[in-house]
Amino acid sequence: MELLRVSKAAKRLGIHPMTLRQWAVDGKIPFMWVGRERRFSSVDVENMKRGSASSISRPRREVLYVRVSGSSGQESSLAAQEDELRATSTGEVVKDRGSGLRENRSGLNRVLAMVSDGSVSVVRVTHEDRLARFGVGWLKQLFAVYGVTLEVLHPKKSGGRDELLDDFVSLVTTFAGRLYGVRSAQARKRLLAESGQCAGGGDAG
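Before going into details, it helps to say that this report is about the structure given with it. (Residues numbered from 1 in each chain as written. Predicted model: local features only at pLDDT ≥ 70, side-chain atom pairs only at ≥ 80, totals over all residues. Heavy atoms only, no water.)

Describing the pairing of strand S6 (residues 122–125)
Here is step 1 of the chain: Of the two faces of S6, the one carrying Val122 and Arg124 and the one carrying Val123 and Val125 are both buried.
Here is step 2 of the chain: Pairing of strand S4 (residues 62–68) with S6 involves 3 bridges; the strand directions are parallel. Its bridge partner being in S6, Leu64 is matched across the sheet by Arg124.
Here is step 3 of the chain: Note that S6 and strand S7 (residues 149–152) share 4 bridges and pair parallel. By the bridge assignment for S7, Val125 is matched with Val152. (Buried < 20%, exposed > 50% of the residue type's maximum accessible area, 1.4 Å probe, protein only. Helix = DSSP H or I, 4+ residues; strand = E, 2+ residues; numbered from the N terminus. Pairing = 2+ DSSP bridges.)

Below is the structure:
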């Protein structure tokens, strides 16, 4: 048995090294640590190759997803994310502007549509939180249903303190707005009730 580095194991499987790393993280293929590097048994690689021949032969079609939280500005951040992804990948770029807390984003909706109709086999981001602040695990499961892999260039790094603060403010603002709306509705209802009582009292007099 030979212990293979990521690059060599990926080459034998005919896949991108990032895909193999994601398979390892998702538990699809066993591995062991040698220092700080993952190593793969040649036996496991051959078994994976035989057992997953149909999925491995699927053409690699990538979409590169980049996002910033602001509705304007931050072009340099979008460009930096795109450049970093394109340095190791090719594919169509989908851009988004909006908080990672927002579920309804035009770019994310487009990515989900591409995943569901089979247009892509890989979604790539620089950091997990570019895709979403919460619920990335659910998105991975959804992608897996369609045979799509999520590749994260920097698995354990955040998008930055400033944007995290922006998202925190967005979260507080959202809840504050909803609370204000509830209170406003209650206030309107109370005023209407009081107006009705006043009107009734006037008629009686």
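So, next bit.
Re the pattern of salt bridges
Here is step 1 of the chain: Throughout the structure, instances matching the rule amount to 12 salt bridges.
Here is step 2 of the chain: For Glu151, the salt bridge is made with Arg124, and the minimal N-O distance between the two is 2.8 Å. Pair noted here: Glu151 is in strand S7 and Arg124 is in strand S6, with a separation of 27 residues, a long-range link. For the pair Glu151 and Arg124, one class covers both residues: buried.
Here is step 3 of the chain: Three or more residues are tied together by salt bridges with common partners; here these are Glu2, Lys8 and Arg12. (Salt bridge = Lys/Arg side-chain N within 4 Å of Asp/Glu carboxyl O.)

Considering the packing of aromatic side chains
Here is step 1 of the chain: If you walk through the whole model with that rule in mind, you get 2 aromatic pairs.
Here is step 2 of the chain: Relative to Trp33, the ring of Phe31 lies with its centre 5.6 Å away and its plane at 85°, an arrangement referred to as edge-to-face.
Here is step 3 of the chain: Given a relative accessible area of 30%, Phe31 falls into the partly exposed group.
Here is step 4 of the chain: Taken together, the ring pairs connect Phe31, Trp33 and Phe40 into an aromatic cluster.
Here is step 5 of the chain: Directly above the ring of Phe31 sits Arg38, whose terminal nitrogen or CZ lies 5.0 Å from the centroid. (Phe/Tyr/Trp six-rings, centres within 6.5 Å; stacked < 30°, edge-to-face > 60°. Lys NZ or Arg CZ within 6 Å of the ring centre and 35° of its normal.)

Things to note about the sheet that holds S7
Here is step 1 of the chain: Within the open sheet, the 4 strands sit side by side as S5-S4-S6-S7. Their pairing is parallel. Edge positions in the sheet fall to strand S5 (92–97) and S7, since each has one partner strand and no second. Sheet twist, expressed as the mean angle between neighbouring strand axes with direction ignored, is 25°.
Here is step 2 of the chain: Relative to the sheet, helix H2 (residues 17–25) contacts S6 and S7, its axis offset from that of S7 by approximately 105°. (Axes fitted to C-alpha atoms, helices over the stretch in contact; angles between N-to-C directions. Contact = heavy atoms within 4.5 Å.)

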